[in-house]
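One-letter residues, chain by chain:
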Amino acid sequence: MTGRAPARCDSALDLIGGTPLLRVAAPIAFPHPGFWAKLESTAPGGMKARAAHAMLTGARARGELRPGGTVVESTSGTLGIGLAYVGTALGHPVVVVADAELDGQTRALLTAHGVRVELVRDPHPVGGWQRARLDRVRELLAELPGAYWPDQYNNPDNVTGYRALGHELLDQLPDAQVVVCSVGTGGHSAGIARALRERAPGVRLVGVDAAGSAVFGDPVAKRLMRGLGSSIHPGNVDYAAFDEVHLVGAAESVAACHRLAAGAFVTGGWSTGAVALVASWCARELGADQVAAVFPDGPHRYWGTIYDPDFLAAQDFPEPAAEPVDADGIPSEVDSRTTWRRSRKVVDPCARRADGPAECPVCEVRP
């Protein structure tokens, strides 16, 4: 699934991938030479349709997902849309386990696409909403005979689904020197990393995470941002692939989204704003526009948050940081509302992962 989407097709699955690359020169927090944005929102089903297709077709090929079998997964929203898209095309009912912070627009969209939405009402005391959702997934698997759980956090097919994304980027920007992407489940950054190793090992991979996310070792904090970050340690994160990571706060992402909207028209949600901010910084540091950034989504799910003046006034955000602070150590606590930290020392925060079942209280281990 590479290259431009066909002009006409027989299946919605033919429209996965082939998204355009747009040069963005609008100032974000400062002037910069420009960077290239991979607009994943232009494909029906969004970026996560790539992962959904790889996971469901992989499970079907192995006999783990039977014809007409139900798919059950935990998601903050985006993967649910991708699963609905692919599940409809392949004839699988989809049950999505979300939480009380799921926005009404996404819930309505999922329901319109025939998805059964299960909401958990209380976060887990250690693993937050993600752990609470996963606990409900396990209950549903016991209730629904033959149901299949893709387990996006640990499923290697999630990574495989994004390998084509990396190759598309290199085809579209052969002289790329830096690729910037957000990190949630770890799937799309790891898939891109595979393509870079195969074709362009000298290209730097820069990860973008939310402050207060457990992925790169921050102490878990309540996060306003959705779509990036995690309260658990997903198994798909390829820590060795990153040359550096940036941890961004909500205020910084909101400001970037608004500057994108005003200066480039193309904008998006929390992940897109955070990635754009870091990509503009990388371009300025490099002194060239040979920087590619993955924009995971568009603005449509965020009219009631990022682009709602009343919502923003209620948050009373502080002035966003205009530059990253070099911080290789792990803080004892973080302010997820505003921060911008850069680290060139990227380590797996769970040293026990390679030794077998994790004993870390925020690790997710598939039973």
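Remember, predicted model here, so these are calculated numbers, not experimental data. (Residues numbered from 1 in each chain as written. Predicted model: local features only at pLDDT ≥ 70, side-chain atom pairs only at ≥ 80, totals over all residues. Heavy atoms only, no water.)

Engineer: Break down the overall build of the protein for me, with residues and values.
Structural biologist: Counting its secondary structure elements, the protein contains ten helices and eleven strands. Its C-alpha radius of gyration of 19 Å places the protein within 12% of the 21 Å reference for a compact globule of 367 residues. Along the first, second and third principal axes, the C-alpha atoms of the protein reach 55 × 50 × 45 Å. Put simply, 70% of the contacts in the protein that link residues at least 6 apart link residues at least 24 apart. Here the protein displays about 14800 Å² of accessible surface, and carbon together with sulfur accounts for 52% of that area. (Helix = DSSP H or I, 4+ residues; strand = E, 2+ residues; numbered from the N terminus. Rg over C-alpha atoms; globule rule 2.2 N^0.38 Å. Contact = heavy atoms within 4.5 Å. Areas by Shrake-Rupley, 256 points an atom, 1.4 Å probe, with all protein chains shown as cover.)

Engineer: Requested: an account of the nonpolar core, with residues and values cited.
Structural biologist: Among the nonpolar cores identified, the biggest contains 52 residues, and Leu56, Val86, Val179, Ile192, Leu205, Phe216 and Phe242 are the most heavily contacted of them. The set of elements that each furnish at least two residues to this core consists of α1 (48-62), α2 (78-90), β4 (94-99), α6 (163-172), β6 (178-182), α7 (187-199) and β9 (291-295). Looking at this core, the element that brings in the most residues is α2, giving seven residues. In this structure Leu56 touches Leu65, Val71, Leu83, Val86, Gly87, Leu90, Tyr148 and Pro150, once residues within four positions along its chain are discounted. In terms of nonpolar packing, the next biggest core, distinct from the first, is built from 40 residues, Val208, Ala276, Tyr307 and Phe311 among them. (Core = buried A, V, L, I, M, F, W, Y, C linked by side-chain atoms within 4.5 Å. Buried < 20%, exposed > 50% of the residue type's maximum accessible area, 1.4 Å probe, protein only.)

Engineer: Which residues make up the layout of surface pockets, and what are the values?
Structural biologist: Estimates place the volume of the largest pocket at around 640 Å³. In terms of lining residues, the largest pocket is bounded by 41 residues, among which Gln130, Arg223, Gly227, Leu228 and Gly229 are the most central. For the lining of the largest pocket, the secondary-structure elements that each account for two or more residues are α2, α4 (128-143) and α7. With four residues, the single largest contributor to the lining of the largest pocket is α4. Looking at side-chain class alone, the lining of the largest pocket contains 15 nonpolar, 18 polar and eight charged residues. (1 Å grid on protein atoms, 1.4 Å probe; cavity = no way out; pocket = protein on both sides within 12 Å on 5 of 7 lines; lining within 4 Å. Points joined across faces, edges and corners; volume = space filled by probe spheres on them. Nonpolar A, V, L, I, M, F, W, Y, C, P; charged D, E, K, R; others polar.)

Engineer: Summarise the side chain of Ser189; cite the residues concerned and give the values.
Structural biologist: Along the chain, Ser189 falls in helix α7. On the basis of relative accessible area, Ser189 is assigned to the buried category, the value being 1%. At a separation of 3.2 Å, a polar atom in the side chain of Ser189 contacts the main-chain carbonyl oxygen of Gly186. (Polar contact = N/O pair within 3.5 Å; in protein donor to acceptor, adjacent residues only side chain to side chain.)

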